[in-house]
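# Chains, contacts and geometry: an overview
Here's the letter readout for the chains.
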Amino acid sequence: MRVAVVNANTVWPPVVPLGMLLIAGAARRSGHTVIVVDLCVMRETALEEPLEVAFQDGHLDAVCVALRNLDSANPEAPGSTISDLQRIIAACRDRSDAPIILGGSGLSIAPKEMVAAVNADLGICGEGEEVLPLLLDRLAAGQPVSGLPGVVERLGNDTTASSQPQRITEPARFVRPALDLIDLQAYLRLGGSGSVQSKRGCRFSCAYCTYPGLEGDHIRCASVDWVVGEVERLAAAGAKHFWFVDSVFTVPEGHAVSICKELCRRGLPEHIMWSAYATPLGFTAELAERMRRAGCVELIFGTDAACTQSLRGLRKPFRPSHVASATQYAKGAGLDFAHHLLFGGPGETVETVKETLEFMAALDCRLGLDAGIRIYPKTPIERTARKEGIIGPETDLLEPHFYVSRYVESVLDGILLSFCRSVPRTRFFGRDGRPHPYTDPRLVEVYRRGFVGPYWAVIDEYERITGACSTSDPLSRPISDSVPETGRVAAAAAY
Ligand code: B12
Ligand code: SF4
């Protein structure tokens, strides 16, 4: 079959679309001809233009659309992507009568609703690299697709989901992403960090989190050799920075340590630096040291709170003492890290907010603050929000809705903003007057000038270039074209 795969994520700074490259590679490996239409790197043209060019080259048998974000998950500027997706799919339909198949986290969060909302024909919920080739084979043979794992089908006004999503149980079957199908150099120029996944799944069940639903609650690790091979491939292609996109890189510790040792053994920290998510639970001094040596320049702890009541409300699997010890180990190792905090969860009160803030201020480290929690379908917080009347029984969660504890709703932003103004190295995402590190296209200008490094350094550099004032540092700085050494670390050497 001749298959078009469309990357519908146009958020800048871009991220290398790992999921899309996996399914596109899998379709190609099973004998299909694959063309990729990457709307992300072509973001500066109208959405329809790249589709027009790609679709005129010949008949298509299937159009696969990769959806990543439903929205920004930020209450200050939620920016739903649904209307853009409807436009993209309408443009595909105008140019081809091939069936339209959706996939990606943006589909898996609400599969039936999404297929219906954007007028697609089919969707694959969950991991797509094994199911998509099977689905394409059935379409080619004119056979029914029902019964394939995770497949959602729309027939007229009816949308049906056939069964549970696929979970690839055997890590040896993880395929390599087809990096050659995108313009990787364009991504690197725009600050698009590379993406490497060392495992799938998260065994915790925090109240608001989609990750165990998206990836499964059972951890499946890829082999160390496979993971480090992926890092080598990125470095060889010229990438200076990548993300370990695992839900939690630091669990299980043994796997993370082995990866770090192997990165060092192959000399990779000389050429490439990386970022990752962590949990304070089980974070050890040895792991911190190994990670720093292996090139980690940005470790984000998904800490959320440091008060027992708030941690319980969010169903976090650790206690404030774990937050303190993780901080001590990370500092001891000289790791550059931040704790991300999420305020306004179930049971949050002014007292619990203050308890967390005081605890974290005493730890004297980088903090990223968020207030209001995006309510996702099938998460514990959805049930709480419906019970408390924060959303109605019929509220559709494709569009963003946020949970904020009623005890703090009217005062939360004020408390956090004033904390942010008085405590150095603290960001209040989207609300402190600074660009949002992951969704503000203005930051691309910093990357275009050659910057590589962690998000806090990118924002500092943006402010340096533009002379903008930051909330916690009111000194404006002169405009300059030079890129500072900060954040560049040793990765300047060519691989
Ligand atoms: C790592 C990560 C980041 C990193 C990315 C770094 C990088 N280099 O990639 C950073 C921190 C930068 C980031 C930023 C953001 N992120 Co993020 N991120 C993730 C995370 C943890 C992993 C993503 C990933 O790469 N997974 C690995 C790949 C292999 O999985 P996958 O893409 O799902 O692909 C599989 C399937 O979905 C399927 N599939 C994928 N595409 C297709 C296509 C078809 C046709 C088919 C059939 C199947 C299919 O098969 C693939 C292989 O099995 C996910 C949560 C999660 N656990 O998934 C959130 C997640 C994707 N992020 C999310 C969000 C909201 C954001 C931000 C908007 C946050 C913000 N406010 O800044 C930004 C957007 C950035 C951007 N440019 O798009 C949301 C998206 C959902 C939503 N609310 O819309 C998620 C799901 C987390 C959540 N809240 O639930 N993110
Ligand atoms: S918040 Fe982190 S630790 Fe908790 S379930 Fe999600 S990925 Fe796992």
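Conventions used here
Residues numbered from 1 in each chain as written. Chains lettered and ligands numbered in written order. Predicted model: local features only at pLDDT ≥ 70, side-chain atom pairs only at ≥ 80, totals over all residues. Axes fitted to C-alpha atoms, helices over the stretch in contact; angles between N-to-C directions. Helix = DSSP H or I, 4+ residues; strand = E, 2+ residues; numbered from the N terminus. Parallel < 35°, antiparallel > 145°, perpendicular 65-115°, else oblique. Left-handed = near helix turned anticlockwise from the far one by under 90°. Contact = placed C-beta atoms within 7 Å. Pairing = 2+ DSSP bridges. Expected span 1.5 Å × (residues − 1). Buried ≥ 20, exposed ≤ 12 C-beta atoms within 10 Å, placed from the backbone. Arc of directions from axis to C-beta. Domains from an automatic or database assignment. Nonpolar A, V, L, I, M, F, W, Y, C, P; charged D, E, K, R; others polar. Near = placed C-beta within 6 Å.

## Concerning the packing of helix H2 (residues 48–55) against helix H3 (residues 82–95)
- One can describe the packing of H2 onto H3 by two numbers: an axis separation of 10 Å at closest approach and a directional angle of 25°. Comparing their axes, H3 and H2 come out roughly parallel. As H2 runs across H3, the sense of the crossing is right-handed. Facing Glu48, Leu51, Glu52 and Phe55 of H2, the residues of H3 in contact are Ala91, Cys92 and Arg95.

## Some details on the sheet that holds strand S2 (residues 33–38)
- Pairing is mixed across the open sheet formed by 7 strands, whose spatial order is S2-S1-S3-S4-S5-S6-S7. Lying at the two open borders of the sheet, with one neighbouring strand each, are S2 and strand S7 (158–161). Here the strands of the sheet are splayed against their neighbours by 20° on average, with no regard to which way each runs.
- Pairing geometry for strand S3 (residues 62–66) and strand S4 (residues 100–103), over 4 bridges, is parallel. Within the sheet, the bridge partner assigned to Val65 lies in S4 and is Leu102.
- In the packing of H2 onto the sheet, contacts are made with strand S1 (2–7) and S2, and the angle to S2 comes to roughly 160°.

## Remarks on helix H14 (residues 350–363)
- The end-to-end C-alpha distance of H14 is 20 Å, a good match for the 20 Å that 14 residues give at a rise of 1.5 Å each.
- Inspection of H14 places Thr352, Val353, Thr356, Leu357 and Met360 among the buried residues, and these make up the whole buried set. The buried residues of H14 occupy one face: seen down the axis, they fall within an arc of 135°. Exposed residues pointing more than 90 degrees away from the buried face of H14 are listed as Glu358 and Ala362.
- Buried residues belonging to H14 abut helix H12 (308–313), strand S14 (337–343), strand S15 (366–371) and helix H16 (412–422).
- Positive backbone phi, at 55°, marks Asp364, one or two positions downstream of H14.

## Here's the deal with the domain arrangement of the protein
- By the assigned domains, the protein splits into domain 1 (2–161) and domain 2 (183–493).
- Between domain 1 and domain 2, the C-alpha centre-to-centre distance is 28 Å.
- Facing the 26 residues of domain 1 at the interface are 32 residues of domain 2.
- Ranked by the residues each element gives to the side of domain 1 that touches domain 2, the list is headed by helix H5 (residues 111–117), at 3 residues.
- Looking at the side of domain 1 that touches domain 2 residue by residue, the class counts come to 18 nonpolar, 5 polar and 3 charged.

## Let's talk about the environment of Ile391
- In this fold, Ile391 is placed in the loop between helix H15 (380–387) and strand S17 (402–403).
- Taking the C-alpha atoms as reference, Ile391 lies 7.7 Å from His401; in sequence the two are 10 residues apart.
- In this structure, Ile391 is in contact with Ile375, Ala385, Arg386 and His401, ignoring residues within four places of it in sequence.

## Regarding the pairing of strand S6 (residues 151–155)
- Inspection of the sheet shows strand S5 (residues 122–124) paired to S6 by 3 bridges, in the antiparallel sense. Bridging from a neighbouring strand, Ile124 pairs with Val151 of S6.
- Taken together, the 4 bridges between S6 and S7 define a ladder with antiparallel strand orientation. From the neighbouring strand, Leu155 faces S7, where its bridge partner is Asp158.
- Here S6 hands over to S7 after 2 residues, with Gly156 in that stretch at a positive phi of 65°.

## Quick notes on the site of ligand 1
- The local shell around ligand 1 holds 47 residues, among which Gly19, Gly103, Glu127, Gly128 and Tyr438 are the closest.
- Mapped by element, the contributors of at least two residues to the shell around ligand 1 are helix H1 (18–29), S3, S4, helix H4 (105–108) and helix H8 (211–215).
- For the shell around ligand 1, the leading source of residues is H1, giving 5 residues.
- Counted by class, the shell around ligand 1 contains 23 nonpolar, 18 polar and 6 charged residues.
- There are two domains that each give the shell around ligand 1 at least three residues, and those are domain 1 (2–161) and domain 2 (183–493).

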